[in-house]
Amino acid sequence: MSDWASTVSDPPLSPTWAPGAFAGAQALRAHVREEASPTRERTGLALSSPFPQSLPPPPLPPPPAAGSLTRWAVAPETLLSSLCPLLGGGTAMSGGEQKPKRYYVGVDVGTGSVRAALVDQSGVLLAFADHPIEKWEPQFNHHEQSSEDIWAACCVVTKKVVQGIDLNQIRGLGFDATCSLVVLDKQFHPLPVNHEGDSCRNVIMWLDHRAVSQVNRINETKHSVLQYVGGVMSVEMQAPKLLWLKENLRETCWDKAGHFFDLPDFLSWKATGVTARSLCSLVCKWTYSAEKGWDDSFWKMVGLEDFVADNYSKIGNQVLPPGASLGNGLTPEAARDLGLLPGIAVAASLIDAHAGGLGVIGADVRGHGLVCEGQPVTSRLAVICGTSSCHMGISKDPIFVPGVWGPYFSAMVPGFWLNEGGQSVTGKLIDHMVQGHAAFPELQAKATARCQSIYAYLNSHLDLIKKAQPVGFLTVDLHVWPDFHGNRSPLADLTLKGMVTGLTLSQDLDDLAILYLATVQAIALGTRFIIEAMEAAGHSISTLFLCGGLSKNPLFVQMHADITGMPVVLSQEVESVLVGAAILGACASGDFASVQNKGQPVCPRPGDQLQIQAR
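The following paragraphs examine the structure supplied in this document.

The rules behind these values
- Residues numbered from 1 in each chain as written.
- Predicted model: local features only at pLDDT ≥ 70, side-chain atom pairs only at ≥ 80, totals over all residues.
- Heavy atoms only, no water.
- Buried < 20%, exposed > 50% of the residue type's maximum accessible area, 1.4 Å probe, protein only.
- Helix = DSSP H or I, 4+ residues; strand = E, 2+ residues; numbered from the N terminus.
- Pairing = 2+ DSSP bridges.
- 1 Å grid on protein atoms, 1.4 Å probe; cavity = no way out; pocket = protein on both sides within 12 Å on 5 of 7 lines; lining within 4 Å.
- Points joined across faces, edges and corners; volume = space filled by probe spheres on them.
- Nonpolar A, V, L, I, M, F, W, Y, C, P; charged D, E, K, R; others polar.
- Axes fitted to C-alpha atoms, helices over the stretch in contact; angles between N-to-C directions.
- Parallel < 35°, antiparallel > 145°, perpendicular 65-115°, else oblique.
- Contact = heavy atoms within 4.5 Å.
- Expected span 1.5 Å × (residues − 1).
- Salt bridge = Lys/Arg side-chain N within 4 Å of Asp/Glu carboxyl O.
- Core = buried A, V, L, I, M, F, W, Y, C linked by side-chain atoms within 4.5 Å.

Side chains on a regular strand alternate between the two faces of the sheet. Along strand β7 (residues 170-177), 7 of the 8 residues are buried, which leaves the element largely enclosed by surrounding structure. Sheet analysis places strand β3 (residues 103-109) next to β7, joined by 7 bridges and oriented parallel. When the sheet's bridge partners are listed, G106 is paired in β7 with G174. Bridging between β7 and strand β13 (residues 345-346) involves 2 bridges; their strand directions are parallel. When the bridges of β13 are listed, G172 appears paired with A345. One ladder, built from 2 bridges, connects β7 with strand β14 (residues 350-351); its direction is parallel. Its bridge partner being in β14, A177 is matched across the sheet by I351.

Structure, rendered in structure tokens:
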């Protein structure tokens, strides 16, 4: 998908990579919709609906009036410093001498690129780099990558972010990645996951839907483990993909396989030589139970009894919590590859969306009149939105939500149960709708002439054509059903298709802008649908915390605030997923005790305030 970082058109919200630029990794800005539109009724998902835009905010203080939108920025103490009391006044030596700086590296593998960040002990993001990775689609719904290409990209970006740094001061390394399936033989060499026999392409991507027949048969078993994935297993999980490999690539792949890794676990193995798996990956995508372990009867029932026979050695029989230190740290070979020193602590990993959730859900928002102030962290929903969108809600007790994954114990925050809703390929859908329109070449030309991204241009064009009416009413006759890649939550129906209704013969730039708006609204309505399902099952959600590439698009954020009727809080440090990965490395180093602080997720302390006026 497109680089959504380029969609930020409001200069105060753009990232600045100078040290100390954000005075902490979790400075906040809040998009506040204090009063829901009167047209919002909690009756399920509509196709599209007009919601009025917000009025300009009042000055600070007082707090924002009902019906207004305010972007707030507060600069709290860092997320890292809240992990445990270690930095509470303990950074200076006797005589005023300062302790040496400590640094942590976070690496995030997304769908189309690898990104890395260098974060200091105060949580300030000092350096950032990204590098594209290859993707193959040999046939419809088959999506593949190369683990060697991904690792090479990890090495490129890590070397970039540590340039000029004393490597002895780098204390820890953390990885997160998409929940794609990596296949290696018994000697850890790549095996093909395709009919062409190309062993370079040894990764079945998370969005791959080749295993439709297999997942249908798995769901027909009605096995008890399915109650922990919303009652229906997704084709995007690993069991159906494994069964597809066994039934379709027996000789070239299955019989030769020695190791099946979730991509985050592959990265931690590559760095340390330790084959232990992260609790996050196994619980969320492989049916592992944090309390009971593997369920032999499930694997036998679905035709994958091979794993039971070898005591699960191929998929993981040593499981560690995210942030746990692996083995003896970075191996000499991996250290050379990454441009780091051998022995640096490496953490058990997280899935990328869960790293984003960890990076934002504990943020301190005191003093801004938000609904969630004074409420438990369980009232927050972290929405990690990029190529797809993931909706992370936590609870102290297990809550079973039909069509929503989980409850997963300790999969993101230790001691809490996680429910994960989701929308497949949201960012990719927006790209698909815009790039497939007849006016797309005109859009490209005009955006280039203004030195804008196509989405920044579309947002400004919508402001021009809305005239006196709220921008939401532009789609009163145009509606999008967004399930072009099936519905992940809460309908859990991979057979659903997308739909657009209200089309005319117009193919001009206005028409393209309105179609783009309708698509964004449809995605926001899908989020509202997921929230309603979670609340009906027992969650109580009052505030959305957004991060990821799509959260850099002001229209996307505004539509989520309008359509859910809830405040939306954004991290001023836009790379929240990388902050989450760096937190893992900090924990693995021993500098911080846990990703949890006194029974609650990490929560920064408040600091200075800055008001940024909304447009």
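Further remarks concern empty space enclosed by the protein. Scanning the entire structure with this criterion turns up 4 cavities of 30 Å³ or more. If you add up the space inside the largest cavity, you get close to 130 Å³. Surrounding the largest cavity, 16 residues form its lining, Q423, S424, P482, D483 and N487 being those nearest its centre. At the level of elements, β18 (417-423), α10 (426-435) and α13 (509-537) are the ones that each hand at least two residues to the lining of the largest cavity. The element best represented in the lining of the largest cavity is α13, accounting for 3 residues. Looking at side-chain class alone, the lining of the largest cavity contains 6 nonpolar, 8 polar and 2 charged residues.

This part takes up the packing of helix α12 (residues 454-465) against α13. Here α12 crosses α13 at 105°, and the two axes come no closer than 10 Å. In terms of orientation, α12 lies roughly perpendicular with respect to α13. Contacts from Y455, Y457, L458, N459, H461, L462 and I465 in α12 reach L509, D510, L512, A513, I514, Y516 and L517 in α13. Here the residues of the contact of α12 with α13 are counted per class, giving 11 nonpolar, 2 polar and 1 charged.

Quick look at helix α15 (residues 576-589) now. Taking 1.5 Å per residue, 14 residues should reach 20 Å; α15 reaches 20 Å between its end C-alpha atoms and fits that length. Counting buried positions along α15 yields 14 of 14 residues, so the element is predominantly enclosed. Positive phi shows up at G590, right after α15, with a value of about 90°.

The next thing to look at is the pattern of salt bridges. As enumerated under the stated definition, the model contains 20 salt bridges in all. Between D120 and K101 there is a salt bridge, with the nearest N and O atoms lying 3.0 Å from each other. On the criterion of sequence distance, the pair formed by D120 in strand β4 (residues 113-120) and K101 in the loop between β2 (71-75) and β3 is long-range, its members being 19 residues apart. A salt bridge links D306 to K246; the shortest N-O distance between them is 2.8 Å. Of this pair, D306 sits in helix α7 (residues 306-309) while K246 sits in helix α3 (residues 238-248), placing them 60 residues apart in sequence. If you follow the salt bridges from partner to partner, you end up with E144, E196, D198, R201, D208 and R210 in one network.

Below, the discussion takes up the sheet that holds strand β8 (residues 181-185). Taken in spatial order, the 4 strands make up an open sheet running β6-β9-β8-β10, and their pairing is antiparallel. Sheet topology places β6 (144-145) and β10 (257-262) at the edges, where each strand pairs with a single neighbour. Here 2 bridges tie β8 to strand β9 (residues 203-204), and the two strands are oriented antiparallel to one another. Considered in β9, the bridge of V182 is made with V203. Sheet strands in contact with α3 are β8, β9 and β10, and its direction is about 40° off that of β8.

Right, let's get into the nonpolar core. Ranked by size, the top nonpolar core spans 80 residues in total, and within it L245, F260 and W299 carry the most contacts. Top contributing element to this core by residue count: α15, with 6 residues. Residue contacts for W299: discarding those within four places in its chain leaves A239, L242, W286, T287, W294, L304, E305, F307, V308, Y312 and I315. In terms of nonpolar packing, the next biggest core, distinct from the first, is built from 54 residues, V404, A447, M559 and I563 among them.

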